[in-house]
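Fold and contact review
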Amino acid sequence: MSRVWNFSAGPAVLPEEVLCQAQEELLDWHGAGCGVMEMSHRGKEFTSIIEQAEADLRELMGIPANYRVLFLQGGATLQFAQIPMNLLNGRSADYIVTGSWSKKALKEAMRFGNVRCAATTENSAFTRLPEAEEVRLDPQAAYLHVCTNETIHGVEVSDDRLARTDVPLVADMSSHILSRPVDVSKYALIYAGAQKNIGPSGVTLVIIRDDLVGRAPGNIPSVMDYAVMAEHGSMLNTPPTFGIYFAGLVFQWLKRQGGVVGIERINVEKAESLYHCIDNSGGFYRNPVDKACRSRMNVPFTLLRPELDATFLAEAKAAGLAGLKGHKSVGGMRASIYNAMPLAGVQALVAFMNDFAKKHA
Ligand SMILES: *Cc1c(COP(=O)(O)O)cnc(C)c1O
C-alpha cells in the first residue's frame, strides 16, 4: 500500500490514525459483535457514540449550553435552503458574498423569499474581504449570512469583522471549522459539511442557538425543521451513523493534537511555509488573494506560464502529490491543507514546487 499526499479540496484527507482505528473496529465495534454501520441507531451502543461525539465537539469548540448541536444530512448545500426555510418567516435576510460558496448560498435563498446582497467582492475577483463601509446592512434582517472560508477562492475571515452586527449571524464554516479557535457565542448558527475538516461526506453539522430553533413555518418537511431535529436528537429518522461515528473519532484525534489551539499552531506553520514558497518564487507562482485574508486551509496559486500546468500536475503526481488541480473557475492549482494534512505533506509539496520552479525557470 502506498498513500499519496492528498491535497484534494473535498472529500479530503483524513487522519491516518483515525482511518486505521475505523478499520480495526469495522467488523466488531468494542465487542458488540458487529460494526457501527450494522447496528441500530436506537441501540445503546450508537447512542453512546453520538453522545460522545457531541460532548467532544462541545469541548473542542467551547459551544455554550444554549446552543444545540445537530448532525444532519444534505450537505452544506441543503443548508443554503434550510436556513431561509427555517429563519426567514416572511422577513428579509442579508448575505455577504465573498466567493463562489456565499454566492451560491444567496442564490438558493432567493428561492425562499426576500434576501439581499449586503456586499460583494466579485468585482475584485473574490480576492479580498469587503471594507466595513462597503457593507450595507439591514437592521431588520432575520439574519446575516457569511462564509468564513471560501474554499474555491482561498479567502478566510480570521477575525470578527463580519460579526459586528446586531442581527443573528449565520456562518458557513464548511472548510475551516475546527482549524482554529472560534468564539461560537458571536454566531447564531454555524454549519459545515463534514467532508473537508470533519470526516466522510454525508454528515452536516449545524450548531444553532436556542432562540433560532422553532421559527420555521408549519409547512416545511419535518426533517428540515431544526426544532423537530433538535427535539429528536438528530434522529427523527436514521442518521448517517458511520459518518457520525467517524466524525467522533476525528474529534478525539483533535483532542490528542491539543484541540483547536494545538492544531492551529500546525496549520499556521503549514500555511506560512506554502505562502512563503509562492511569494518567494520570483513570480513563478502567484496567489492573488489579499495577504490579510489568505486562507490557511485552501491555497490557490497559478503558474506564471499556464502552459506548464499539465507538466506540473504530472510531475507532482509522480512525486506522490495528488489533488492539486485548481477549481475550473479560478484555474491553476489549489492545495487544500486541512487539519488532517501533516506538516510533512506540505514540506514535500514545497520542496517539489521549489525544484519545479528551478527546473523550469
Ligand atoms: C464544499 C462546500 C460547500 C458545499 O458542500 P456540500 O456538502 O457539497 O453541499 C459549501 N460551502 C463551502 C464553504 C464548502 O467548502
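Everything that follows concerns the structure shown earlier in this document.
All of the points below concern the structure found in this document.

Across its full length, the chain carries nine helices and 14 strands. The dimensions of the chain, computed from C-alpha atoms along their principal axes, are 65 × 55 × 30 Å. Within the chain, the fraction of its 361 residues that count as buried is 55%. Intrachain contacts of the chain at a sequence separation of at least 6 include 67% that bridge at least 24 residues. When the accessible surface of the chain is totalled, it reaches about 15,500 Å², and 52% of it is carbon and sulfur.

All right, on to the sheet that holds strand S3 (residues 92-97) then. Spatially, the seven strands line up as an open sheet ordered S2-S10-S9-S8-S5-S3-S4, and their pairing is mixed. Strands at the two margins of the open sheet, each flanked by one partner only, are strand S2 (67-72) and strand S4 (114-120). Neighbour-to-neighbour, the strand axes of this sheet turn through a mean angle of 20 degrees, independent of strand direction. When strand S8 (residues 169-172) meets strand S9 (residues 189-193), the two strands line up parallel, connected through three bridges. Looking at the pairing, Asp-172 lines up with Tyr-191 of S9.

This part is about the sheet that holds strand S11 (residues 285-286). On the basis of which strands lie adjacent, the open sheet formed by three strands has the order S11-S12-S14 and antiparallel pairing. Each edge of the sheet is formed by a strand with only one pairing partner; in this case those strands are S11 and strand S14 (333-336). Sheet analysis places S11 next to strand S12 (residues 298-303), joined by two bridges and oriented antiparallel. Residue pairing for S12: Arg-286 is matched across the bridge by Thr-302.

What follows is about the environment of Ala-357. Looking at the element boundaries, Ala-357 is found in helix H9 (residues 343-359). Separated by 329 residues in the primary sequence, Ala-357 and Asp-28 place their C-alpha atoms 49 Å from one another. Aside from chain neighbours lying at most four places away, what touches Ala-357 is Phe-284 and Tyr-285.

Attention shifts here to the site of the ligand. Neighbouring the ligand are 13 residues, the closest being Thr-77, Thr-151, Asp-172, Gln-195 and Lys-196. Here an oxygen atom of the ligand sits 2.6 Å away from a polar atom, N or O, in the side chain of Lys-196. The fraction of the free accessible surface of the ligand (390 Å²) that becomes covered by protein chains is 87%. Here the element with the most residues in the shell around the ligand is helix H3 (residues 75-87); it accounts for four residues.

About the cut-offs
- Residues numbered from 1 in each chain as written.
- Predicted model: local features only at pLDDT ≥ 70, side-chain atom pairs only at ≥ 80, totals over all residues.
- Heavy atoms only, no water.
- Helix = DSSP H or I, 4+ residues; strand = E, 2+ residues; numbered from the N terminus.
- Buried < 20%, exposed > 50% of the residue type's maximum accessible area, 1.4 Å probe, protein only.
- Contact = heavy atoms within 4.5 Å.
- Areas by Shrake-Rupley, 256 points an atom, 1.4 Å probe, with all protein chains shown as cover.
- Pairing = 2+ DSSP bridges.
- Axes fitted to C-alpha atoms, helices over the stretch in contact; angles between N-to-C directions.
- Near = heavy atom within 4 Å.
- Polar contact = N/O pair within 3.5 Å; in protein donor to acceptor, adjacent residues only side chain to side chain.

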